[in-house]
Amino acid sequence: MKDYRDVIIRPIVTEKSMKLMAEDNKYTFEVAKGTNKIEIRQAVEAIWNVKVEKVNTSNSRQLEKRVGRYMAKVPAVHKAVVKLKEGYSIDLFGDAE
């Protein structure tokens, strides 16, 4: 079994993910390649002590983007959108004091 901290790489913070957090109690994470929904659910529940209702995953392929006259590569990412049960939340940003 993998360590739970190796499954969840980082939270993805974009305008769309912030809207999902506020409206639907969904959190978006970059996860390790090769992990499945069960491992992601167990990792989120163990790290933040919450109950997960649903996990959706997606793989984005590597893209080439133009940077001036050169081509750059954007790495492939394995993402997971985790919906928490009613009454649970994750504090991604810590205390804002």
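The structure under discussion appears in the preceding block.
Everything numeric here is computed off the predicted structure, so don't read it as measured data.

A few words on the nonpolar core. Grouped together as the largest cluster of nonpolar side chains are 17 residues, with contacts concentrated most on Ile8, Phe29, Ile40, Val44, Val82, Leu84 and Ile90. Only strand 2 (26–31), helix 3 (37–48), strand 3 (52–60) and strand 6 (77–84) provide two or more residues apiece to this core. In terms of residues, this core owes the most to one element, helix 3, which gives four residues. Setting aside anything within four residues of it in sequence, one finds Val82 in contact with Asn25, Lys26, Tyr27, Phe29, Ile40, Val44, Val52, Lys54 and Val55.

Turning our eyes to something else, we now look at helix 3. For helix 3, spanning twelve residues, the distance from its first C-alpha to its last is 17 Å, which sits close to the expected 16 Å at 1.5 Å a residue. Buried within helix 3 are the following residues: Ile40, Ala43, Val44 and Ile47. In a view along the axis of helix 3, the buried residues occupy a sector of 95°, so they form one face of it. Summarising the contacts, the buried residues of helix 3 are in contact with helix 1 (4–7), strand 1 (8–11), strand 2, strand 3 and strand 6. A distance of 3.2 Å separates the backbone nitrogen of Ile38 from a side-chain oxygen at the start of helix 3, and that oxygen is part of Asn36. Of the residues trailing helix 3, Asn49 is marked for its positive phi of about 55°.

The subject of this paragraph is the packing of aromatic side chains. With the rule as written, the count across this model stands at one aromatic pair. The interplanar angle of 25° and the centroid separation of 5.3 Å between the aromatic rings of Phe29 and Trp48 together place this pair among those described as stacked. Note that Phe29 is positioned in strand 2 and Trp48 in helix 3, a separation of 19 residues in sequence. Among the residues examined, Phe29 registers a relative accessible area of 1% and is labelled buried.

How each quantity is defined
- Residues numbered from 1 in each chain as written.
- Predicted model: local features only at pLDDT ≥ 70, side-chain atom pairs only at ≥ 80, totals over all residues.
- Heavy atoms only, no water.
- Core = buried A, V, L, I, M, F, W, Y, C linked by side-chain atoms within 4.5 Å.
- Buried < 20%, exposed > 50% of the residue type's maximum accessible area, 1.4 Å probe, protein only.
- Helix = DSSP H or I, 4+ residues; strand = E, 2+ residues; numbered from the N terminus.
- Contact = heavy atoms within 4.5 Å.
- Expected span 1.5 Å × (residues − 1).
- Arc of directions from axis to C-beta.
- Polar contact = N/O pair within 3.5 Å; in protein donor to acceptor, adjacent residues only side chain to side chain.
- Phe/Tyr/Trp six-rings, centres within 6.5 Å; stacked < 30°, edge-to-face > 60°.

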